[in-house]
Structure formats: structure tokens, C-alpha cells
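Examination of the molecular architecture
Below, each chain spelled out in residue letters.
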Amino acid sequence: MALDVPYRSIPDMFLQRVAASPDRNAIAGPAPGDSGLTWMTWAEVAGRTRAIAAGLYALGVGNEDRVAILANTRIEWVLADLGIMCAAGATTTVYPTTEPADAAFIVGDSGSKILIAENRAQADKMAGADLPALTHVVLIDGAADPAATVPQLTLAELEERGTQALAEEPGLVERIATTIEPEHLATLIYTSGTTGRPKGVELLHRGWCWEAVAQSQLGIMNPDDLQYLWLPLSHSFGKTLLCSIIHVGLPTYVDGRVDKLVDMLSVVRPTLMCAAPRIFEKVYNKAVTTAQEAGGAKARIFDWAVGVGRQRVARQQAGRPVSGGLKLKYAIAEKLVFSKLQARLGGHINALVSGSAPLSPDIAEFFAAANLPICEGYGLTEASAANFVNRPVQIKIGTVGQALGDLECRIDEDGEVLLRGAPVMRGYHNLPAETAEAFTADGFFRTGDIGNLDDEGFLTITDRKKDLVKTSGGKYVAPSHIEGLFKAVCPYTSQAVVIGQARNYCTMLVTLDPDAITGWAADGPLAGRPYAEIVASPEVQTMVAGYVAELNSKLNRWETIKKFAILSRDLTIEDGEMTPSLKIKRRIVENNFAAEIDRMYAGQLAEI
């Protein structure tokens, strides 16, 4: 049955939302000193959005003209994005961590006419680049540079121009909105990818409006909830949530300062938070290692509580009733242990959502045991980010849930997941050959992921098609499955990368969480030593070897890790080893740590 989408475009949806609930809280940012939240109502959001839209229109932005945003997640990002679309333009998103050469490539390749930059340092990434389409740079923070090659103005000055334009034509934004069709371009998001040059994904108003309505049917987003949105808005996961905020009228705190996340959770006290698995892994690591380091009765109580919680989850997953005795034990476990973990996340969480990378089933089970069930989902930038997700009322751990709305899914003969429907992209910007290759003859998008559907329509992703490892013995190995298992087994893990393509056995690169391993070392002879020295010590090598042996006990013989290397530093976005959405770029990792890999296959590291 076709999904009923009552909007022509995002501006249409936005204007309807403003009319329906002008005085309700819309978005908030941190109050001075992080003492609380500073809210904007939908009417206030509309006032600034209209001014930005009219200002951009005055600068010559029209239908499908690209305007780039190069900034961190903050309220002004949301306002700028809405303003661009209400001027009939299309937002080109650029991660604030993007290196100057790549940032300039994206602005140039997209043909963006205007760049909205967070500050002069971000604007300076365009210095020296050949950008013939770029006519103006708008700065969110700081003063404009009067000597800039491309004329600059501040966001406040842009809004002043817009206010003047609206004084001359009060209905300007409404008039523009009537010209925007479902098939018009709304967003151009460049996939950071795991290899090669980024490709611009053309996403339409049709798809984003579909996402807003489809997500509202999940039972996760409600107008009485409070969402904490810290995800990069340059990424499709963050962008798709903005659409739901508008359709549902979901009050949302917007703050991209990841280093403030834990502190602000107790201030914001959200009921909903979406995140990449790395956030949940860090919470898990902290909980487990804190209990282990406490030792004695505290460690025993923690282990007992987790065991009780896992028993409860096992019964729930099997569709069996939870006995009275188990309910009583769980009530005690929640009071003694799990309530503290719930409080660490603000104490009011109703729903957690994980996406952008695989979540270890064991870690998902741990959170469910703590009465903090995670609704894992799946999607791609090319399909507007949200395609499958577990519903709170029916979570199948280890799957990414059922399809949203009327999205069609088919599993190809080689196991590849194929998708067709409204949220799928128009194509790759200026890349007709790559666009043609991405679709089947009957219009299904080739996701590049391997998976399977069960009888109830729950999708399980086993690995990326290109990431599957085939050993020299002819056996296929799914790296992400093994890596996820290891993260659950070893609570000190930050990242794990399985190696084995065309090799006669599998090995693994490991990085350890700096906070967790420093805490582990605090009471011993390694206390106070730098990270690189701690992880190179015989004590840590022995500890990790024990965890690898435990991992191997859960694997088929051909999947087992014969050797491992603990790296002297963590993988980073800055070194090109991870995408901004925290996916591992395997080929770059293998290239950067080729010497360590070669040693594992040259007999210079002891076998497990």
C-alpha cells in the first residue's frame, strides 16, 4: 500500500508545521555556560528561516541552485538549511572536518553559488581554489573579511537583506514554496566513501518528505518527546532526522559538541537519542570496565545483574513470558545496577536508535538487559538514510528491522540488498555512468551490502559486498561480524580491523580505548605511562591475547584470528582512516599500517 505523503516539498511541510503549532517549542541550543536550554518556537524558527530564504533569493538563489553549508551541528545549520530550501535552492553539505582540498572539490563539483561557513577558518578552505560558480561567502560567526576574493557577509547581514526583501514582498517565501515540486533537488550530499573520490548524491524533496512520514509511523518520534540531536547534519542520518522533526513537531536539542555529550545528557534529559554504534560501545566499555576495576562485591553484583538482564532479554526475544521470579530478580538488578546506567543517559530515555554502521548484537543485548533497548536501523545516503529499523514494540536483536513505509526490498542472487522507492536518489551528480551502474534494469538500487530477509521482513546485514574477505583457502569471511564480536568480548576495544584477503589465515589490527585502558593501568606499574607505552606492554599484549582466544571460541575454524597487532594510536578521521560517520576505510587502514600487517604474515608476531 502506497505511503500517503501530504507534502509537495520540505518548505511546504515546514510552513504547514509552523501554521499548526507556532507557539510550541521547536529547537533548542545550549544556554550560556551550558546551564540549560535556550528554546526557539516554530514561529521564531520561521521568522529567521524566512529572512535567510529571502536574503538568499536576493543574492540570486533560485530553483535547484546549490548553497553549501560548512559548519558543525548547531541551530544555525538547521536555520540555514531550511532557508536554502525555502529559497528553492538545494543544500550541499560539507563536513567541518573535511580537508581544504576535498572541501573545495565538493563546493566546486556541486556548482554551489554560495557558501555558508561557520567562521573565517572554514571559509579559508576555499583559498586558491578555482570556484567560478561561487558568488558569496556567508559567515555564521565572526566578521566578514572586506578584502576577501569572494565577497563575504555575515549571517546576520544576510538576514537583514532578507528582512528588507520581505518588507517589499511579505508573501515571498510562500510564493517560492508553490514553485517547488516533489522531483526538485533538495540536498546534495557527498559520500565520503571508503575508497575513491566523493560522489554527490542527489536527494529530492519527494524522498525527504517520504522519510518524515515513514519515520513517524515507527512509534519512536512523538510531539511530546525530547530529542538530543548531536549527529553531523552534513551526514544523511542527521538530515533525515530534521525531516521527522518538522513533520512530527518533535522538540529537539541541537548540539554537535561530542565532547560535551555526556555532560549535557544530564542537563537535557532527552527521551530519544540517535547515534552511531561507537557511542554505545563507549558507554558499554565504561560500564564494564568500571565494574571490573571496582572488583569484589561490586563486580559480582554487576555480573549478576547483567546475567539476570540477559535472561530476561532471551525470554523476550523468544516470545516467552518472563516468570514472576525473574521479574523480582530484575527489579533488584535494575535498582542496584541498571538505574545508574539509565541515569548516565539522562534518566528519561524511551528510545535509542543506532545507525550508520553495524552494532554488535552482544552490545545491543547488554543495553536491552539494562532496559535501554536500541532500535537498530539501516540505510544509505543514496536512499535518504533511513530504510529499515526495528520498532520499539518488536526488536529483533541482530537485525536492522523491517522496511519503512512502502519501500521495496529484494535480495539479489549473490545476496546483495536491492532497494526501490521514493527515498532513493535521483543519481550521482554529473556521473551518468556511475548512476547507471548503481541501478538494476528494473530500477532497484544496488546497495553493495550483503544480507537476508526473514519471513517477517526483518533484514539482517552480514557485510559489505566489497569487504567480504576470501582467504587463499577459498573460504569467505565477514570482517564486520568478527569485529563486532570482539568489541563485545573485549571492553577495552576502540576499533578492530580483520585482515585476510588472499591470505592463508586471518589477522586483526586492534586499537584500545584510551580512557578505558588508562583506567585499567591506573593501579599498576603502568600507571601514568602514555597510551603508546601502555598498549605495547607485555601485560596488555597478554590481556588482549586472552580476549582474542575467547573470540576464537565463537568462530568457525577458518575465521579464527591467528595473530593480532595492537596499534600505537587509535584510528582517526583526520588520518583518513574513518569517515565522518565513523565507518572504517579499510584500504586506507591497511595502507597506513602495512608494516604491522606484513609482520603478522612474516612470522614476527606470536600466534594465538
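None of these values were measured; they are calculated from a predicted model. (Residues numbered from 1 in each chain as written. Predicted model: local features only at pLDDT ≥ 70, side-chain atom pairs only at ≥ 80, totals over all residues. Heavy atoms only, no water.)

**Quick word on the packing of aromatic side chains**
Considering all chains together, one arrives at 11 aromatic pairs under this definition. Ring centres of Phe366 and Phe367 lie 5.8 Å apart, and the angle between their planes is 85°; this geometry places the pair in the edge-to-face category. Judged by its relative accessible area of 0%, Phe367 is buried. Seen from their ring centres, Tyr492 and Tyr547 are 6.4 Å apart, and the 50° between their planes marks the pair as tilted. Highlighted residues: Tyr492 in the loop between helix H16 (479–489) and strand E24 (493–499) and Tyr547 in helix H19 (residues 538–552), separated in sequence by 55 residues. When sorted by exposure, Tyr492 lands in the same class as Tyr547, which is buried. Put simply, the rings of Phe280, Tyr284, Phe302, Phe366 and Phe367 touch in pairs and so form one group of aromatic residues. Over the aromatic face of Phe444 sits the side chain of Arg410, whose NZ or CZ is 4.3 Å from the ring centroid. (Phe/Tyr/Trp six-rings, centres within 6.5 Å; stacked < 30°, edge-to-face > 60°. Buried < 20%, exposed > 50% of the residue type's maximum accessible area, 1.4 Å probe, protein only. Helix = DSSP H or I, 4+ residues; strand = E, 2+ residues; numbered from the N terminus. Lys NZ or Arg CZ within 6 Å of the ring centre and 35° of its normal.)

**Quick look at a nonpolar patch on the surface**
Where nonpolar side chains cluster on the molecular surface, the patch consists of Ile301, Trp304, Leu328, Ile332 and Leu336 and spans about 450 Å² of accessible area. Those elements that provide at least two residues to the nonpolar patch are helix H12 (296–317) and helix H13 (324–344). Per-element tally for the nonpolar patch: the top contributor is H13, with 3 residues. Within the fold, Ile332 resides in helix H13. (Patch = residues over 30% accessible without salt bridge, like charges linked within 9 Å, V, L, I, M, F, W, Y side chains within 5 Å. Areas by Shrake-Rupley, 256 points an atom, 1.4 Å probe, with all protein chains shown as cover. Salt bridge = Lys/Arg side-chain N within 4 Å of Asp/Glu carboxyl O.)

**A look at the side chain of Thr93**
Looking at where Thr93 falls in the secondary structure, it is placed in strand E4 (residues 90–94). Engagement of the side chain of Thr93 in a polar contact is seen with the backbone oxygen of Ser234, the distance being 2.9 Å. Apart from the residues within four sequence positions on either side, Thr93 is in contact with Ile69, Trp77, Ile106, Thr187, Leu188, Ile189, Leu233 and Ser234. (Polar contact = N/O pair within 3.5 Å; in protein donor to acceptor, adjacent residues only side chain to side chain. Contact = heavy atoms within 4.5 Å.)

**Notes on the sheet that holds strand E13 (residues 351–354)**
Spatially, 9 strands are ordered E2-E1-E11-E10-E12-E13-E14-E15-E16 in an open sheet, and the strand pairing comes out mixed. Every other strand in the sheet has two partners, leaving strand E2 (37–41) and strand E16 (402–403) as the edge strands with one partner each. The sheet contact formed by strand E15 (residues 388–389) and E16 spans 2 bridges and is antiparallel. Along E16, the bridge assignment pairs Val389 with Gln402. Running over the sheet, helix H10 (residues 261–268) touches E2, strand E10 (227–229), strand E11 (252–254) and strand E12 (272–275) and is turned about 155° from E10. Packed onto the sheet, helix H11 (residues 277–294) meets E12, E13 and strand E14 (374–378) and runs at close to 120° relative to E13. (Pairing = 2+ DSSP bridges. Axes fitted to C-alpha atoms, helices over the stretch in contact; angles between N-to-C directions.)

**Things to note about the environment of Ala275**
Within the secondary structure, Ala275 sits in strand E12. What makes Ala275 buried here is its relative accessible area of 0%. Not counting chain neighbours up to four residues away, the residues in contact with Ala275 comprise Trp230, Leu231, Phe237, Phe280, Val353, Ser354 and Gly355.

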